[in-house]
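The lines below spell out each chain.
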Amino acid sequence: MEVSSSSRRILASLLETRTGQQLAVNRNWRIDTALAPIMRQHRFDNLDHLVTKLVTGSSPALTEQVIEALLNNETFFFRDKLPFDLLMGGPLKRIEAARASEKRISIWSVGCSTGQEAYSIAMTFAEQEVRWRGWKVDIVGTDISRSAIERARAGKYSQFEVQRGLPILQMVRWFGEEGEGGWQISQKLRDMVRFEVRNIVERPPEPKQFDMILCRNVLLYFAPDMRRLAFSRMADAVAPHGALMLGAAETVIGQTDRFVSDPENRGLYVPAAAAAASRRVA
């Protein structure tokens, strides 16, 4: 599918205005792959005809469908296993001590897509049942894509999606086979996670004081000003003892002064104000 420069600019502007995400020039292939099914469904002869329809504003449903298609919803269970091991190590011990009196832990999975990251966290806690007996573990997953959140809430995945990242023992323990090639995640894990349609640059979800925020491979697609706003929103939402986890290719350096590297856990970031207070006490 040929993408004219004018059509690409309009699509990129639409995506950034509505979601904050940028459509990089080197991702033109994404337009082709994502919009081809919509072109066939609505019988558009070429991409320019589709874009012309979007510009008229006469079909909000079509606009929403195009935006959903252009969003990057790539994810799988226990994606990059190391971050989950890191989460359950030193940071969680600090959080456990800070929340010992109330026995409640809150975790926010930003850009959760179809829910695999949030459910992976729930699985990790559920497999340490003795340690967390009597605790309330509240996990909230948010994403701007309504269709992705609907799938996450349903907790139903294909054979390919379940096998991608999950060993057979976890697959059998936490999923039940449903229909032809479908798998339903257990009610126990679904009860630990709630999902909301929400843009990261908007106000954070409840309880607004999260012990851990995972925002992995989300900010890569944001313009610098939107990235700074996203960091500000997360800084407002993290507890003083909490931490932020970014993707391997992401950093706070040069992006925000409200987070600093966690001196005890490489790859994590902590609130700058809390880190400064801790140094003064020491």
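Refer to the preceding data block for the structure.
Calculation rules
- By convention here, each chain's residues receive numbers from 1 onward along its written sequence.
- The model is predicted, so local features are restricted to residues of pLDDT at least 70 and side-chain atom pairs to those at 80 or more, both for listing and for counting; the totals for chains, interfaces and linings are taken over all residues.
- Side-chain metrics in this entry use all non-hydrogen atoms of the structure; hydrogen atoms and water are not considered.
- Buriedness for pockets is judged along seven lines, at least five of which must meet protein on both sides within 12 Å for an open set on the 1 Å grid over protein atoms alone, while cavities are sets there where a 1.4 Å probe fits but cannot get out, and lining residues have an atom within 4 Å of a point.
- Grid points are joined across faces, edges and corners, and a volume is the space filled by probe spheres set on the points.
- Ten residues, namely Ala, Val, Leu, Ile, Met, Phe, Trp, Tyr, Cys and Pro, are considered nonpolar, four, namely Asp, Glu, Lys and Arg, are considered charged, and the remaining ones, Gly among them, are considered polar.
- What makes a salt bridge here is a side-chain nitrogen of Lys or Arg within 4 Å of a carboxyl oxygen of Asp or Glu, nothing more.
- Where helices and strands are cited, they refer to DSSP runs of H or I of at least four residues and of E of at least two residues respectively, numbered from the N terminus.
- Note on classification: 1.4 Å probe, protein chains only; a residue is buried when its accessible area is under 20% of the maximum for its type, exposed when over 50%, partly exposed between these limits.
- Contacts are assigned to residue pairs that have any heavy atoms within 4.5 Å of one another.
- Only residues whose relative accessible area exceeds 30% and that take part in no salt bridge are eligible for patches, with like-charged residues grouped when within 9 Å of each other and nonpolar side chains (Val, Leu, Ile, Met, Phe, Trp, Tyr) grouped when within 5 Å.
- Each accessible area is a Shrake-Rupley estimate made with a 1.4 Å probe; only the visible protein chains count as cover when residues are assessed.
- Here, strands pair whenever DSSP counts at least two bridges between them.
- A fitted line through C-alpha atoms represents every axis, and for helices the fit uses only the stretch in contact; the resulting angles, taken between N-to-C directions, go from 0 to 180 degrees.
- Classification of ring pairs rests on two measures: the distance between centres of Phe, Tyr or Trp rings, Trp counted by its six-membered ring, which must be within 6.5 Å, and the angle between planes, read as stacked under 30 degrees, edge-to-face over 60 and tilted in between.

A.B. asks: Please clarify how the layout of surface pockets should be interpreted in this entry.
C.D. replies: To find leftover empty space, a probe the size of one water molecule is rolled over the atoms. The computed volume of the largest pocket comes to approximately 410 Å³. Around the largest pocket, the lining comprises 25 residues; the ones closest to its centre are N72, G111, D143, N217 and V218. Grouping the constituent residues of the lining of the largest pocket by class yields nine nonpolar, ten polar and six charged.

A.B. asks: What should I look at first to understand the pattern of salt bridges in this one?
C.D. replies: Side chains that differ in charge, positive against negative, can pair when their charged atoms come close. In total, this model carries 14 salt bridges according to the counting rule given. The partner of E117 in a salt bridge is R216, with the nearest N and O atoms 2.9 Å apart. Placement of the pair is E117 in helix α7 (residues 116–126) and R216 in the loop between β7 (210–215) and α12 (224–237), with a sequence separation of 99 residues. R216 shares its class with E117; the two are buried. One salt bridge in this structure joins R198 and E196, with 2.7 Å as the shortest N-O distance. The class of E196 is buried, set by a relative accessible area of 18%. Connected via shared salt-bridge partners are R104, D138, R194, E196 and R198.

A.B. asks: Could you clarify how one ought to interpret the side chain of T142 in this entry?
C.D. replies: Of note, T142 is situated in strand β2 (residues 136–143). In this structure T142 comes out as buried when scored by relative accessible area, which is 2%. Excluding anything up to four places from it in sequence, T142 contacts W108, S109, V110, G111, C112, I149, E196, R198 and P205.

A.B. asks: Help me understand a nonpolar patch on the surface, please; the structure alone is not making it clear to me.
C.D. replies: Side chains of I168, L169 and V172 sit close together on the surface and give an oily, nonpolar patch of about 350 Å² of accessible area. Take V172: it is sitting in helix α10 (residues 168–174).

A.B. asks: What is the right way to look at the environment of K136 in this model?
C.D. replies: Examined against the element boundaries, K136 turns out to sit in strand β2. Put simply, K136 and S106 are 30 residues apart on the chain and 8.4 Å apart in space, counted from C-alpha to C-alpha. Sequence-distant contacts of K136, defined by excluding residues within four places in its chain, comprise K103, R104 and I105.

A.B. asks: Would you take a moment to explain the sheet that holds β2 for this structure?
C.D. replies: Sheets are built from strands paired through backbone hydrogen bonds, the pairs being either parallel or antiparallel. One open sheet holds the seven strands; their spatial order is β6-β2-β1-β7-β8-β10-β9, and the pairing between them is mixed. The open sheet is flanked by β6 (193–197) and β9 (259–261), the only strands paired with a single partner. Each adjacent strand pair in this sheet contributes to an overall mean axis angle of 25°, direction not counted. Where β7 and strand β8 (residues 238–246) come together, five bridges link them in parallel fashion. The partner of F210 across the bridge, within β8, is V238. Lying on the sheet, helix α6 (residues 90–98) is in contact with β1 (104–110), β7, β8 and β10 (268–271); it crosses β8 at an angle near 160°. Along the sheet, α12 makes contact with β1, β7, β8 and β9, crossing β8 at roughly 140°.

A.B. asks: Even after reading the chapter, I still don't get the sheet that holds strand β4 (residues 175–177), so can you show me in this structure?
C.D. replies: The antiparallel open sheet is built from three strands, whose spatial order is β3-β5-β4. Two strands in the sheet have a free side with no partner beyond their single neighbour: β3 (156–158) and β4. Sheet twist, expressed as the average angle between the axes of neighbouring strands with direction ignored, equals 35°. Looking at chain direction, β3 and strand β5 (residues 182–185) are connected through three bridges and run antiparallel. Bridge pairing in β5 links Y157 to W183.

A.B. asks: Could you clarify how one ought to interpret the packing of aromatic side chains in this entry?
C.D. replies: Remark: the centre distance and the inter-plane angle together describe each pair of aromatic rings, the angle taken between the planes. In total, this model carries nine aromatic pairs according to the counting rule given. Each ring, one from F77 and one from Y157, has its centre 5.3 Å from the other, and the planes form 75°; the classification is edge-to-face. One end of the pair, F77, is in the loop between α4 (60–70) and α5 (81–87); the other, Y157, is in strand β3, with 80 residues separating them in the sequence. We note that F77, like Y157, is buried. Ring geometry for Y119 versus Y157: centroids 6.5 Å apart, planes at 85°, classification edge-to-face. Within this pair, whereas Y119 is found in helix α7, its partner Y157 is found in strand β3, the two being separated by 38 residues in sequence. Taken as a pair, Y119 and Y157 share a single burial class, namely buried.

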